[in-house]
Amino acid sequence: MMNFIKTLQENGYRLQKTSFSQKDVIETQKELVKMGYPFLPLEFIGFLKNYNGLKGEDCGILGISPADRVLDILVFNEIHNGSKDMVILGYDDFCFLVYDEVQKDYLLVDRQTGDELESFSADGLPEALNAIIHY
Amino acid sequence: MAPKGSKYKRKHTVVQEEQIDVESEIAEKPYMAVLYHDEGYVDDFYDLSVEDAGRAYEILLKLAADVSKNRTDAVRAKRKLNDILSASGFHVARHDGNYLHKQELMIIRMDFYGTIDRLKSGLRERELSSYYLYLLSHPLQKRPKVAEYDFQSAPSWKLFSRFHSFRHIEKNLKAYLVKHKIDPQILQLMTPRDFSDLVVQSFQKNPYEQKVTFEKEISVRNEFVRELASQQGEQMADMLLKQGLDERYVYSMINMMRRYGKYNSANLVITELHFTPKVLADLKKAKIDCKNFKVGEPIPQVLIDSLIDSEQGDLLAARDEKGHKLKGEDFPSFDVHHKYAVSDAGDLKSVAYANYKENLCLVRSDIHSLFIHRCDKAKQQGDAKSYSKRLEFIDPNTVFVIGFKEDERLQYDFHKGKRTKRQVMDDKYIVNYEACMKELALNQAAYDRRHNKRVFDADRELQRYKSHRKANKQRKMLIKKELLR
């Protein structure tokens, strides 16, 4: 993950100070479950401590109550999530990046048809985030 | 007035109460105005935030589809939906259900972004073909000639060579193969996934690079934005200024688009347009000659561009009245939108058309995500294939959208209906995905026969893979159920 964060910095994305508390994380997790979606993976929350919502060109990584509403993980999932086993973590103009709780892996799915395009194992979050962000 | 206690008075009171309820609901949820009001709902829609406009659209869409439950409501919703969408320049697209194979979709995606992601070791062995991995790790003793590498007849490469960006890098791939003395017959055996790995191997600057750029000059999306801003920059700036945005942001953004084709406000350096005491002091501190400049004079564009290029743009940073730098992320950002669904590119004469300038549009990010793509859904894996409802522009020449009103949309025809040289070339490389994959399977089987291996059977391999995935999923479902019990 450190390599990925370093790459983001090299591409002009300044590290953000954590803008959420532990309480915010718990509230978001509760809200997601209430909406019928799985918990956010812990490693993803770890990433959000460095970049809580990241806007790239035609793409984004969602965050916990970030300043930009477009990147709010609750708002985005409320609009675009039609599955109960997955939670959307990011997007580009072609795909959604989701965490599949059943398979315990990260997937790129076609946003138009819902087809799985690529999968990353449970320890493949940096590769999955790298696949959705375009700098 | 009806007498107190009469049935007319009671009815009047009920109507009044209902009105109060509606008004308070609208005050709380402004998008409900579009649903409750039978007149003026287009103006109500224009007054909504983008997020609420998306909500109103989604509810109307559901109501309009629900003919069986309440026909009157459905008809009314359909009328409102049509009025609102056509006033905003959209219509709901129809789909014929011609699905594109995921490999083709991924190639379109690579062409659009101009990058390919590296496969990490472990995944590489799983995703790449054994033919490719074997021949790559067993170089020939003698260096083959460049002419021996026949890309034109390589089945999987035919899928890539439909795109100019990939045809353009063929010589780099050949150079890599020659340098590493790779057996030329590898090309006939490689899968599309193998070719994307070969591009990564050929273009990587170091073995740790995660996202490898193969476009030599500029990616398709950035080229589109650069050309659009070069030709329509003034009109775009006027539209943004009309929305009341800070002119320093507007001109900095248009300048970034025009020079680099970039459009993400998070990476934007907003500069002053005129010299301020702070700017002159900062320039002096950085030992940049500014004795000929005075406070209030316009900053020459050459100076702005040269400082940005040398990463010293901050010396000209625009500031608010408290002296804080204006941050790009506090202003609107943009996305490049595919006007015609990429998933539907199978209906086009060539899939390469999917990324043509004529099919792209620069849209404010919030409108792109919260409205245009409102109905895109991540679905349950294994569900039947279905298209989400998709909005398309009524005018196919729409190139820039910053709002729902007519004067917030810009139309421009890049080629005035003429076929471009690129299109003429692309039309020579049209192939069918299934035919290419069949040819690949035959090549691989012939190779196996020559090398006394068991004949490769794609169907058998696929079946084995599917049953493995199914068993894995069932096992996980079982664990989940046990945990929930």
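Keep in mind that this is a model prediction, so the values were computed, not measured. (Residues numbered from 1 in each chain as written. Chains lettered and ligands numbered in written order. Predicted model: local features only at pLDDT ≥ 70, side-chain atom pairs only at ≥ 80, totals over all residues. Heavy atoms only, no water.)

### So, the packing of aromatic side chains
Then, number 1: This structure, assessed with the given rule, holds 31 aromatic pairs over all chains.
Then, number 2: An angle of 85 degrees between the planes, with centres 5.9 Å apart, marks the rings of Phe76 of chain A and Phe96 of chain A as edge-to-face. You can see Phe76 of chain A sitting in helix H4 (residues 73-80) and its partner Phe96 of chain A sitting in strand E4 (residues 95-100), a full 20 residues away along the chain.
Then, number 3: Members of the aromatic cluster, connected to one another through ring pairs, are Phe151, Trp157, Phe160, Phe163, Phe166, Phe195 and Phe214 of chain B.
Then, number 4: Positioned over the ring face of Tyr41 of chain B is Lys80 of chain B, at 5.4 Å from the centre of the ring.
Then, number 5: The side chain of Arg167 of chain B reaches across the aromatic face of Tyr429 of chain B, ending 4.4 Å from its centre. (Phe/Tyr/Trp six-rings, centres within 6.5 Å; stacked < 30°, edge-to-face > 60°. Helix = DSSP H or I, 4+ residues; strand = E, 2+ residues; numbered from the N terminus. Lys NZ or Arg CZ within 6 Å of the ring centre and 35° of its normal.)

### Things to note about unusual backbone geometry
Excluding glycine, residues mostly carry a negative phi; peptide bonds, for their part, are mostly trans.
Residues and elements named next belong to chain B.
Then, number 1: One non-glycine residue with positive phi stands out, namely Lys181, at about 55 degrees.
Then, number 2: For Lys181, a relative accessible area of 27% corresponds to the partly exposed category.
Then, number 3: One non-glycine residue with positive phi stands out, namely Glu311, at about 55 degrees.
Then, number 4: Looking at the secondary structure, you find Glu311 in the loop between helix H17 (301-309) and strand E4 (334-338).
Then, number 5: Residue classification places Glu311 among the exposed positions, given a relative accessible area of 75%. (Buried < 20%, exposed > 50% of the residue type's maximum accessible area, 1.4 Å probe, protein only.)

### Details of the pairing of strand E7 (residues 398-401) of chain B
Then, number 1: In terms of strand pairing, strand E5 (residues 360-364) of chain B meets E7 of chain B through 2 bridges, oriented parallel. Across the sheet, residue Val363 of chain B finds its bridge partner in E7 of chain B, namely Val401 of chain B. (Pairing = 2+ DSSP bridges.)

### Some details on the environment of Leu173 of chain B
Then, number 1: Note on placement: Leu173 of chain B falls in helix H11 (residues 170-179).
Then, number 2: In sequence terms Leu173 of chain B and Gln201 of chain B are 28 residues apart; their C-alpha atoms lie 8.8 Å from each other.

### As for helix H5 (residues 71-87) of chain B
Because each turn of an α-helix spans 3.6 residues, side chains separated by three or four positions in sequence point in the same direction.
Residues and elements named next belong to chain B.
Then, number 1: Its 17 residues give H5 an end-to-end C-alpha distance of 24 Å, which sits within 8% of 24 Å, the value for a rise of 1.5 Å per residue.
Then, number 2: Residues of H5 that are buried include every one of Ala74, Ala77, Lys80, Leu81, Ile84 and Leu85, and no others. The arc enclosing the buried residues of H5, seen along the axis, measures out at 130 degrees, which places them on a common side. Exposed side of H5, more than 90 degrees from the buried face: Arg71 and Thr72 are the residues found there.
Then, number 3: Positive phi appears at Gly89, one or two residues downstream of H5, with a value of about 90 degrees. (Expected span 1.5 Å × (residues − 1). Arc of directions from axis to C-beta.)

### So, the sheet that holds E7 of chain B
Residues and elements named next belong to chain B.
Then, number 1: One open sheet accounts for 4 strands, arranged E4-E5-E7-E8; its pairing is mixed. Looking at the sheet topology across the chains shown, the edges are occupied by E4 and strand E8 (409-411). Mean inter-strand twist for the sheet, computed between neighbouring axes without regard to direction, equals 25 degrees. (Axes fitted to C-alpha atoms, helices over the stretch in contact; angles between N-to-C directions.)

### Thoughts on the packing of helix H4 (residues 50-65) of chain B against helix H18 (residues 365-372) of chain B
Residues and elements named next belong to chain B.
Then, number 1: Running from amino to carboxyl end, H4 crosses H18 at an angle of 20 degrees, the nearest separation of the two axes being 8 Å. Here H4 is positioned roughly parallel relative to H18, judged by the angle of their axes. Note that H4 runs across H18; the crossing there is right-handed. Seen from H4, the contacting residues are Val50, Glu51, Ala53, Gly54 and Tyr57; seen from H18, they are Asp366, Ile367, Leu370 and Phe371.
Then, number 2: Taken together, the residues that form the contact of H4 with H18 break down as 6 nonpolar, 1 polar and 2 charged. (Parallel < 35°, antiparallel > 145°, perpendicular 65-115°, else oblique. Left-handed = near helix turned anticlockwise from the far one by under 90°. Contact = heavy atoms within 4.5 Å. Nonpolar A, V, L, I, M, F, W, Y, C, P; charged D, E, K, R; others polar.)

On their own, these measurements won't tell you what the molecule is for.
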